[in-house]
Amino acid sequence: MASMIGDIDPNSEIANSVQQEYRRFVNYAEPELGTHETTADGKVVRSSMQARASSGPRTPPMVESLPAGGAPASAYWEQRISQRQNKNARAVTLSVDDVINRMISQSNQLAAISDVPLIRDTVANEATGRFDPFIFADSEYESTEQPRSSLLETGTSSTAPENLADDRFTSEFGIGQPLITGGEVRLSQRLGTENSNSDFFVPDDQANADIALEIRQPLLDGAGVLVNTAPIHVAKLERDRSIAELQRQIEDQFTEVMRTYWTLYAERAHLLQRQRLVGDLRGVAEQISARAEFDTLAGEREQAAAAIRRAEASTIRARSGVDNAQARLSALLSDPSLYGDRVEIIPGQRPVRKFTDVPLEDVALLALQNRPEVKSVALQLRAAELQAEVAKNKLLPDLDVRAGISNGGLSGDYDVGNAWSNQFDQTDVDGFVGVRFKMPLGNRSDRSINDRRRIEVRQLTSQLRNVSDTVLLEAQVAVREARTAYEEMRARQAQLAANNTEIAALRARADEGLESGSAFLATLISGMEDRTESEQRLLEAVVSYNLALYQVERVAGTMLSSRGVEALRIDTGNLDHIAIVRRALGKDRLPVGADSNENLLVNPRAIERGVGGRNGGQRDAP
């Protein structure tokens with residue numbers, strides 16, 4: 001989290017809140033801490049060898065890189081899952097790695113959400129632009145003629161005009177620089193011409209010039225670097241928060257893709273199980289038909305036929321489940337080459353059956369360090385703290401100082417150049433200084449804003465603690481679920497073995513002629529259906545165990561980093577974009593201009609140094 005919030009103080013309320021929640025979690029979750037192992041009968045127990053070198057938290061391994069482990073002979077579908085089920089379709093075998101690559105390169109969802117940080121970056125640059133220097137210019141021509149109200153206006157001679165006429169042209173231009181202390185510096189040059197019919201207007205056809213340097217600076221309200229740069233820092237924190245949200249949405253997409261991938265695997269295996277049941281029941285029906293002339297009753301044939309119809313109906317539903325899962329996976333990947341009924345997606349990844357465990361305390365610590373939900377709230381809290389500082393400053397009265405120096409020059413015959421030259425040596429330098437004070441009585445508006453900001457800080461502090469609690473709970477649930485799913489998988493495996501033993505015994509008795517009749521047939525059919533249900537339960541347990549391992553990665557926040565998934569800012573020569581890539585695949589697989597970029601998911605501030613950044617040096621806050 002410290003990498004996400006660059007200026008975080010390790011002793012701040014943000015850091016202390018997270019640390020306190022972790023210490024409290026370790027205390028109440030103590031029975032589940034430490035490494036775990038399995039017994040011969042598949043039970044997960046705490047390992048007696050708990051001591052290990054203190055080298056930081058252990059990162060959960062990538063699920064697809066784990067050794068799959070041997071499948072029992074009863075799990076026949078694992079050997080047949082790669083066989084084509086639709087002979088009229090083009091088969092496409094996808095591993096988990098293939099699915100990830102297609103997702104990050106083609107997903108419309110990722111393309112949409114990756115633009116949000118760039119939008120927020122423009123807001124940050126907009127806030128930074130407040131301190132850009134500026135130039136200004138102003139010109140004005142004025143012609144007036146008014147009745148004189150005094151002889152001193154036009155002259156005392158008999159030829160003095162009755163009306164005072166005046167023609168004046170003024171032009172002013174210069175450069176200004178807003179200051180991060182809240183003030184402003186201006187350097188301006190004024191040039192002008194003027195003529196009047198007054199006898200006292202000397203010289204005629206005047207040209208004038210005036211150069212001035214002025215500074216304005218608040219001393220109380222609105223003063224200080226922190227107060228004036230707070231909008232920039234808040235905008236950047238919001239931008240960084242959008243990158244944390246991008247990480248969360250990529251993880252959501254990845255998790256959904258994995259869930260759909262293994263759902264497709266399960267549906268294909270489920271179809272194989274139902275097809276096997278249909279075949280076994282048809283074999284029973286054939287045996288009954290072969291004995292029709294001996295000891296088989298008509299009701300037994302109908303009993304077998306009804307069982308076959310039930311199994312065939314479930315096969316239709318299973319085939320629909322395959323089609324739905326395949327369509328869902330294609331949509332998530334936004335891959336047009338996988339659309340339609342002419343393509344059959346075959347999962348090429350074998351499920352993991354071996355027990356894999358990561359200590360709960362490691363997963364919990366990684367979760368607090370990596371989870372985007374924690375980063376997001378911490379960034380919100382940091383922004384609220386800055387806004388609270390600004391609101392506190394607003395309680396002060398307005399006290400502004402204004403000072404400057406100037407010098408003027410004058411010439412006749414509309415000689416502007418001579419007037420400009422005279423402004424440097426014709427007179428001494430003029431100077432001025434002034435102070436402005438203002439204080440609202442009661443100041444209810446600013447006090448209310450200050451109270452609101454302080455309450456928001458308190459609220460977000462509680463929210464950070466709550467999110468930390470939630471993340472730690474999710475870590476505990478994920479690790480517990482992985483252990484439970486493994487135990488359930490082993491138990492379902494034992495259950496299926498018992499069903500197979502029961503079916504074998506029933507078949508042996510039938511072959512030996514020891515059992516027959518409707519009651520025995522019902523027992524045999526029921527046993528076959530129970531075995532199919534056990535096969536399905538084992539399949540679900542295997543898939544649940546694999547998804548639980550992915551969930552451990554998810555809650556630890558390492559799902560993307562362990563696979564080399566990065567977010568890079570790419571210069572296209574027009575509008576930049578953020579590309580989701582896997583740098584580990586090699587430079588030849590990266591977009592043009594991405595080689596030197598940093599991973600935004602690790603260092604959000606790298607978005608300011610994007611390749612070909614169109615804002616140049618303006619990206620950095622003053």
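Residues numbered from 1 in each chain as written. Predicted model: local features only at pLDDT ≥ 70, side-chain atom pairs only at ≥ 80, totals over all residues. Heavy atoms only, no water.

In terms of helices and strands, the protein chain carries 13 helices and 12 strands. In the protein chain, buried positions account for 45% of the 622 residues. Residue pairs in contact within the protein chain that sit at least 24 positions apart in sequence constitute 79% of those at least 6 positions apart. Here the protein chain has roughly 30,700 Å² of accessible surface; of this, 51% comes from carbon and sulfur atoms. (Helix = DSSP H or I, 4+ residues; strand = E, 2+ residues; numbered from the N terminus. Buried < 20%, exposed > 50% of the residue type's maximum accessible area, 1.4 Å probe, protein only. Contact = heavy atoms within 4.5 Å. Areas by Shrake-Rupley, 256 points an atom, 1.4 Å probe, with all protein chains shown as cover.)

Summarising the model, the protein chain shows a mean pLDDT of 86, and 89% of its residues fall at 70 or more. Segment residues 1–7 is flagged for pLDDT under 50; beyond a separation of four residues in sequence, or across chains, it makes 20 contacts in the model. Long-range and interchain partners of residues 610–622, a stretch whose pLDDT sits below 50, account for 39 contacts in this model, where long-range means more than four residues apart. (pLDDT = per-residue confidence, 0-100.)

Glancing now at the nonpolar core. If you look at the biggest cluster of nonpolar residues, it comprises 97 residues, and the most contacted ones within it are Trp77, Val257, Val363, Leu464, Tyr545, Tyr550 and Ile578. Counting residues in hydrophobic clusters, the runner-up holds 16 residues, among them Leu277, Ile308, Ile503 and Phe520. (Core = buried A, V, L, I, M, F, W, Y, C linked by side-chain atoms within 4.5 Å.)

Right, let's talk about the packing of helix H9 (residues 360–370) against helix H10 (residues 372–394) for a bit. Running from N to C, H9 and H10 cross one another at 45 degrees; their axes reach a closest spacing of 6 Å. Regarding the angle of H9 to H10, the classification is oblique. In this structure, H9 contributes Ala367, Leu368, Gln369 and Asn370 to the contact, and H10 contributes Pro372, Val374 and Lys375. When grouped by side-chain class, the residues that make up the contact of H9 with H10 number 4 nonpolar, 2 polar and 1 charged. (Axes fitted to C-alpha atoms, helices over the stretch in contact; angles between N-to-C directions. Parallel < 35°, antiparallel > 145°, perpendicular 65-115°, else oblique. Nonpolar A, V, L, I, M, F, W, Y, C, P; charged D, E, K, R; others polar.)

This part covers the pairing of strand E7 (residues 206–218). In regular strands, side chains alternate between the two faces of the sheet. Relative to E7, strand E6 (residues 184–196) is paired through 11 bridges, and the arrangement is antiparallel. Counterpart to Leu191 in the pairing with E7 is Ala209. Sheet analysis places E7 next to strand E9 (residues 398–411), joined by 12 bridges and oriented antiparallel. If you follow Asp210 over to E9, its bridge partner there is Gly408. (Pairing = 2+ DSSP bridges.)

Looking now at the packing of aromatic side chains. Under the defined criterion, the tally for this structure stands at 9 aromatic pairs. Each ring, one from Tyr76 and one from Trp77, has its centre 5.2 Å from the other, and the planes form 80 degrees; the classification is edge-to-face. Judged by its relative accessible area of 13%, Tyr76 falls in the buried class. By relative accessible area, Trp77 is classed as buried at 1%. Here the aromatic rings of Phe134 and Phe136 are separated by 6.3 Å at their centres, their planes lie at 45 degrees, and the arrangement is tilted. On the basis of relative accessible area, Phe134 is assigned to the partly exposed category, the value being 24%. (Phe/Tyr/Trp six-rings, centres within 6.5 Å; stacked < 30°, edge-to-face > 60°.)

Moving on, we come to helix H5 (residues 116–128). If you check H5, its first and last C-alpha atoms are 19 Å apart, about what 13 residues at 1.5 Å a residue would give, namely 18 Å. Residues Pro117, Leu118, Asp121, Ala124, Asn125, Ala127 and Thr128 constitute the buried set of H5. Angularly, the buried residues of H5 cover 165 degrees about the axis, an arc narrow enough to put them on a single face. For H5, exposure combined with an orientation more than 90 degrees from the buried face picks out Ile119 and Glu126. (Expected span 1.5 Å × (residues − 1). Arc of directions from axis to C-beta.)

Before going further, it helps to spend a moment on the side chain of Gln189. For Gln189, the location among the structural elements is in strand E6. Note on Gln189: relative accessible area 8%, which makes it buried. In this structure the side chain of Gln189 is engaged in a polar contact, spanning 3.3 Å, whose partner is the backbone oxygen of Asp210. In terms of polar contacts, Gln189 uses its side chain to reach the side chain of Trp420, at 3.3 Å. When residues no more than four places from it in sequence are discounted, the contact partners of Gln189 are Ser171, Glu172, Phe173, Ala209, Asp210, Ile211, Trp420 and Gln423. (Polar contact = N/O pair within 3.5 Å; in protein donor to acceptor, adjacent residues only side chain to side chain.)

With respect to topology, 6 strands assemble into an open sheet ordered E4-E5-E6-E7-E9-E10, the strand pairing being antiparallel. The sheet is open, and its two edges are formed by strand E4 (134–147) and strand E10 (430–438), each paired on a single side. Each strand axis lies, on average, 20 degrees off the axis of its neighbour in the sheet, ignoring direction.

Phi is mostly negative for residues that are not glycine, and the peptide bonds are mostly trans. Residues Val202 and Pro203 are joined by a peptide bond in cis, for which omega reads -5 degrees. By the secondary structure assignment, Pro203 is in the loop between E6 and E7. With a phi close to 50 degrees, Asp205 is a non-glycine residue in the positive phi region. With respect to the helices and strands, the residue Asp205 is situated in the loop between E6 and E7. Positive phi values are uncommon outside glycine, yet Asn443 reaches one of about 50 degrees.

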